[in-house]
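# Residue-level structure breakdown
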Amino acid sequence: QFGALLIEVQDLNSLSEKPFIFPEDMDKLHNLQRFKLVLPIKNIISRKQISLADSIRREIYNFFMKPRGDFSFMEILSWLIFEKYKTKSLSTYKLGNSPIDGKEVILNVNDMTPEYTFETTDGLIYLTDIFRLHEAVDEEFGASGILGYVLRLIEQIIIVYSIRYLLKYAKEKLSKFLFIADGPLSFSGQTANMHKPLRELCNFLNKNETLNFVGIEKSGPFVDHAQAICIPHEGKVILEKGKYLILSNDYIYHYILPGDSKIMHYGSTSYYSGKIIFHSLDDQIIVLSIPTESKDIILNPQKNNFQNIDVILKNIQKLKCDMYDDSIVPIALANKLVSLANHPSQTLLEKFASSKLSKST
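This write-up is about the structure you can find in this document.

How each quantity is defined
- Residues numbered from 1 in each chain as written.
- Predicted model: local features only at pLDDT ≥ 70, side-chain atom pairs only at ≥ 80, totals over all residues.
- Heavy atoms only, no water.
- Helix = DSSP H or I, 4+ residues; strand = E, 2+ residues; numbered from the N terminus.
- Buried < 20%, exposed > 50% of the residue type's maximum accessible area, 1.4 Å probe, protein only.
- Contact = heavy atoms within 4.5 Å.
- Areas by Shrake-Rupley, 256 points an atom, 1.4 Å probe, with all protein chains shown as cover.
- Polar contact = N/O pair within 3.5 Å; in protein donor to acceptor, adjacent residues only side chain to side chain.
- Pairing = 2+ DSSP bridges.
- Axes fitted to C-alpha atoms, helices over the stretch in contact; angles between N-to-C directions.
- Salt bridge = Lys/Arg side-chain N within 4 Å of Asp/Glu carboxyl O.
- Parallel < 35°, antiparallel > 145°, perpendicular 65-115°, else oblique.
- Nonpolar A, V, L, I, M, F, W, Y, C, P; charged D, E, K, R; others polar.
- Phe/Tyr/Trp six-rings, centres within 6.5 Å; stacked < 30°, edge-to-face > 60°.
- Lys NZ or Arg CZ within 6 Å of the ring centre and 35° of its normal.
- 1 Å grid on protein atoms, 1.4 Å probe; cavity = no way out; pocket = protein on both sides within 12 Å on 5 of 7 lines; lining within 4 Å.
- Points joined across faces, edges and corners; volume = space filled by probe spheres on them.

Once that is clear, we can look at the overall build of the chain. Check the secondary structure of the chain and you find 11 helices and 15 strands. By residue count, 46% of the 361 residues in the chain fall in the buried class. Long-range pairs, those at least 24 residues apart, make up 67% of the contacts in the chain between residues at least 6 apart in sequence. Here the chain has roughly 19,400 Å² of accessible surface; of this, 52% comes from carbon and sulfur atoms.

See below:
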């Protein structure tokens, strides 16, 4: 279950000024839209599919094809991949591993059907096959390994949907929005190739519009390192309050991760952003990533490589949340509201599934 939460800064500011917060005041912050996806990951095939890989391909295709207001996610994907936001869009996309025969195939936009499929002599290719999730599916052991990839993928597609909506209906308001992703601005595993079209979109918007976009990490080696340099040790602190540190490739491989920075370029095949550690004035310690204005990863990024970094950090500081350590309101609320423990519970889902399976047998 995924969620997109819209918060107006004026509503948030008004809460801090009130002596007592009523439930109806909090309801203004619960403007959440949920998106649900059910995937078979082991010992299950869906509908008329003949394999687990085909079942997963089909369910993801159906999820993207579902009408959602003005656009489906599939329309957004086509808009993003073929760069239809430009005067001169792309006509082809190279799929390195076809789900039909495993060979490289060129997808021509002129050959795409109205249903966003490509007909070949051996079978049907969906536009969503560009995620290459079929490569990580094992018919015997299952496909639980793709869940993290799917999560990061769809969360960022939802943000692209919002950007697309604003560009079409309220272009002048794009600069008034701050888009916040739960996690770094990157793609992992089989979906890593998606970082290229996202980088291209961000570059285009940074050049022609004003895009405020940031990803926030809650755990991992970068968060551990941030804690180490921001928390006082023997009366000394490396990164003081109100300061931020832009991480270079040399810094990452010298202080955070093992590796040789001369031959290893962190995030070159997955990130469309640069990493920053922010120690706010109110003692928040946050690891965030912001799109860098470049055609490729920047090994030694500077402040001028990031658009509106000061504006973004100022607003991140405003959104402090005491629900969890170093958390911010939108992410904390979104995670709470889409949690299966809250809406609905995991136990209810298990009972529902069991009853359906018993009836079918």
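On we go.
Bringing the side chain of Ser51 into the picture now. Residue placement: Ser51 occurs in the loop between β2 (32-35) and α3 (52-65). Judged by relative accessible area, which is 14%, Ser51 ranks as buried. Polar side-chain contacts of Ser51 include one of 3.1 Å to the backbone nitrogen of Asp54. If we skip the residues at most four places from it in the chain, Ser51 touches Ile45 and Glu139.

Moving on, we get to the sheet that holds strand β11 (residues 243-246). If you trace the five strands from one edge of the open sheet to the other, you get β9-β10-β13-β12-β11, paired in mixed fashion. The two strands at the open ends of the sheet, each matched to only one other strand, are β9 (178-182) and β11. Direction aside, neighbouring strands of the sheet carry axes that sit 30° apart on average. When strand β12 (residues 273-279) meets strand β13 (residues 285-291), the two strands line up antiparallel, connected through seven bridges. Bridge pairing in β13 places Ser273 opposite Pro291. On the sheet, helix α9 (residues 309-318) packs against β9, β10 (212-217), β11, β12 and β13 and is oriented at approximately 55° with respect to β10.

This paragraph deals with helix α4 (residues 73-81). With eight of its nine residues buried, α4 lies for the most part within the structure. Among all positions of α4, only Phe73, Met74, Ile76, Leu77, Ser78, Trp79, Leu80 and Ile81 are buried. In the stretch just after α4, Glu83 is the one whose phi turns positive, near 50°.

Once that is clear, we can look at the pattern of salt bridges. Counted under the stated rule, the structure contains 11 salt bridges. The shortest N-O distance in the salt bridge between Asp54 and Arg57 comes to 3.1 Å. In this pair, Asp54 and Arg57 are both assigned in helix α3, three residues apart and thus about one turn of the helix distant. Arg57 gets classed as buried once you look at its relative accessible area, which sits at 9%. One salt bridge connects Lys86 with Glu83, and the closest N-O pair in it is separated by 3.0 Å. When its relative accessible area of 23% is taken as the criterion, Lys86 is described as partly exposed. Connected via shared salt-bridge partners are Glu83, Lys86, Glu200 and Lys295.

All right, on to the packing of helix α7 (residues 221-230) against helix α8 (residues 249-256) then. Two measures define how a pair of helices packs: the angle their axes make with one another and the distance between the axes. Interaxial distance between α7 and α8 falls to 11 Å at its minimum, and their mutual angle equals 80°. As judged from the angle between their axes, α7 and α8 are roughly perpendicular. Counting all contacts with α7, which are made through Pro221, Phe222, His225 and Ile229, the residues of α8 involved are Tyr251, Ile252, Tyr255 and Ile256. Residue composition of the contact of α7 with α8, grouped by class: seven nonpolar, one polar and no charged.

Moving on, we get to the packing of aromatic side chains. Summed over all chains, the structure comprises 19 aromatic pairs. Ring centres of Tyr61 and Tyr126 lie 4.4 Å apart, and the angle between their planes is 20°; on these two criteria the pair is classed as stacked. With Tyr61 in helix α3 and Tyr126 in strand β8 (residues 124-126), this residue pair connects regions lying 65 residues apart in the sequence. Judged by its relative accessible area of 6%, Tyr126 falls in the buried class. Centre to centre, the rings of Phe73 and Tyr161 are 5.8 Å apart; their planes meet at 80°, and the pair counts as edge-to-face. Here Phe73, found in helix α4, pairs with Tyr161, found in helix α5 (residues 147-169); they are 88 residues apart in sequence, far enough to count as distant. Each member of the pair, Phe73 as well as Tyr161, is classed as buried. Grouping aromatic residues by their ring pairs yields a cluster made of Phe2, Phe35, Phe63, Phe64, Phe71, Phe73, Phe131 and Tyr161. Across the ring face of Phe63, the terminal group of Arg68 is positioned such that the distance to the ring centre comes to 4.5 Å. Of note, Arg68 hangs over the ring of Phe73, and the distance from its end group to the ring centre comes to 4.6 Å.

A word on the environment of Glu293. Along the chain, the position of Glu293 falls in the loop between β13 and α9. For Glu293 and Asn206, which are 87 residues apart along the polypeptide, the C-alpha to C-alpha distance reads 7.2 Å.

Time to look at empty space enclosed by the protein. Applying the stated criterion across every chain yields a total of four cavities of 30 Å³ or more. As a volume, the largest cavity reaches approximately 120 Å³. Along the wall of the largest cavity there are 14 residues; nearest its centre are Leu247, Ile252, Tyr266, Ile297 and Ile298. Elements with a contribution of two residues or more to the lining of the largest cavity: α8 and β12. At three residues, the largest contribution of residues to the lining of the largest cavity is made by β12. Classifying every residue of the lining of the largest cavity by side-chain character gives eight nonpolar, five polar and one charged. In this model, the second largest cavity occupies a volume close to 60 Å³.

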